[in-house]
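Examination of the molecular architecture
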Amino acid sequence: MPFDTATPPVTAVTEKDPSDTARLLKRLGRRSIVFVGIMGAGKTVIGRRVAAMCNLPFHDSDHEIEKVSRMTIPELFATYGEPEFRALEERVIERLLRNGPQVISTGGGAFMSETTRNNIKRRGVSVWLKADIETLMNRVSRRQNRPLLNTENPREVMERLMAARCPVYSLADVTIHSRDVSKDQIAAEVIAGLLQHLPAPRKRKRKKKKPQ
Ligand SMILES: Nc1ncnc2c1ncn2[C@@H]1O[C@H](COP(=O)(O)OP(=O)(O)OP(=O)(O)O)[C@@H](O)[C@H]1O
Ligand SMILES: O=C(O)C1=C[C@@H](O)[C@@H](O)[C@H](O)C1
Ligand SMILES: [Mg+2]
């Protein structure tokens, strides 16, 4: 499947406009904003920024997993293998989701679990940060903390993962094109995208007074 990043642009709200974040918080209620997407898409950095803009708590499932297991993700993969990591990831996200409203950034493979997708649907609104292969490879080459990419040909692995995962990521409620423009701009586009997705509460009609 060709990877198309031609997501329709979302009109960005300005960061200075407090009413946009206030409206979003009202529409969100107790739900969480949940970032999904492949490694390097920007889930952690953009998630943290959106949380700061909305004055919401921020959690990253990878960091949470490292905290509860007292191991790094590469250590977890090496010691227990990927299936154990995935089971832990499901449990951690399920627990995090109970405490909305907040922003949660998930690990790159988390949304592939049907259980996790259902949990997110029930208690959150999902945002796919969608990026092209060049941008992603540029970003992930800076750090060696992603066990799935510790191979001879990380680009080939990334292409394979994208082909398998993009159709699933596309099930997210909101899609934002992640690219190398300022992080504030992407965060503002996320807020605009969420406002477009979440319907404004309908005004109640006033009952007409019966004539006396
Ligand atoms: N809009 C952007 N402009 C420039 N750099 C960016 C942008 N968004 C993210 N980055 C950079 O890309 C790298 C990867 O971002 P980040 O760690 O947030 O990705 P991730 O989606 O959380 O990945 P993973 O699934 O591996 O946790 C970081 O170095 C981050 O600073
Ligand atoms: O894409 C993936 O499967 C992963 C992404 C990272 O966020 C970590 O959750 C882990 O390295 C696995
Ligand atoms: Mg991350």
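Just above sits the structure.
Position labels on residues start from 1 in each chain and follow its written sequence. Chain labels run from A onward and ligand labels from 1 onward, assigned in the order the entries are written. The model is predicted, so local features are restricted to residues of pLDDT at least 70 and side-chain atom pairs to those at 80 or more, both for listing and for counting; the totals for chains, interfaces and linings are taken over all residues. Side-chain numbers here rest on the full set of heavy atoms in the structure, without hydrogens or water.

**Focus: the site of ligand 2**
By convention in this text, a residue qualifies as near a molecule or strand provided that one of its non-hydrogen atoms is within 4 Å of it. Close contacts around ligand 2 come from Met39, Asp62, Ile73, Phe85, Arg86, Glu89, Gly107, Gly108, Gly109, Pro147, Leu148 and Arg165, and that covers them all. Counting of polar contacts relies on pairs of N or O atoms within 3.5 Å, with two restrictions inside protein: one atom must be capable of donating a hydrogen and the other of accepting it, and residues adjacent in sequence are counted only when both atoms are side-chain atoms. In this structure, an oxygen atom belonging to ligand 2 sits 2.6 Å away from a side-chain N or O atom of Asp62. The biggest single contributor to the shell around ligand 2 is helix α5 (residues 82–96), with three residues. Gly is placed with the polar residues, together with every amino acid not listed as nonpolar (Ala, Val, Leu, Ile, Met, Phe, Trp, Tyr, Cys and Pro) or charged (Asp, Glu, Lys and Arg). A class-by-class count of the residues in the shell around ligand 2 yields five nonpolar, three polar and four charged. Each helix is a run of H or I in the DSSP string that is no shorter than four residues. Each strand is a run of E no shorter than two, and both are numbered from the N terminus.

**Points about α5**
A helix is expected to span 1.5 Å for every residue after the first. Under the 1.5 Å per step criterion, the end-to-end length of α5 is 21 Å for 15 residues, consistent within 8% with the ideal 21 Å. Any residue under 20% of the maximum accessible area for its type is buried, any over 50% is exposed, and the rest in between are partly exposed; the area is computed with a 1.4 Å probe on protein chains only. Within α5 the residues assigned to the buried category are Phe85, Leu88, Glu89, Val92, Ile93 and Leu96. Angular distribution of buried residues about the axis of α5 spans 130°; they occupy a single face of the element. Residues of α5 that are exposed and point more than 90 degrees away from the buried face comprise Pro83 and Arg91. Next to the buried residues of α5 lie β2 (58–60), α3 (61–69), α4 (73–80), β3 (103–105) and α6 (114–123). In this description, one arc is meant: the one made by directions from the helix axis to the C-beta atoms. Here, two residues are considered to be in contact whenever any of their heavy atoms come within 4.5 Å of each other.

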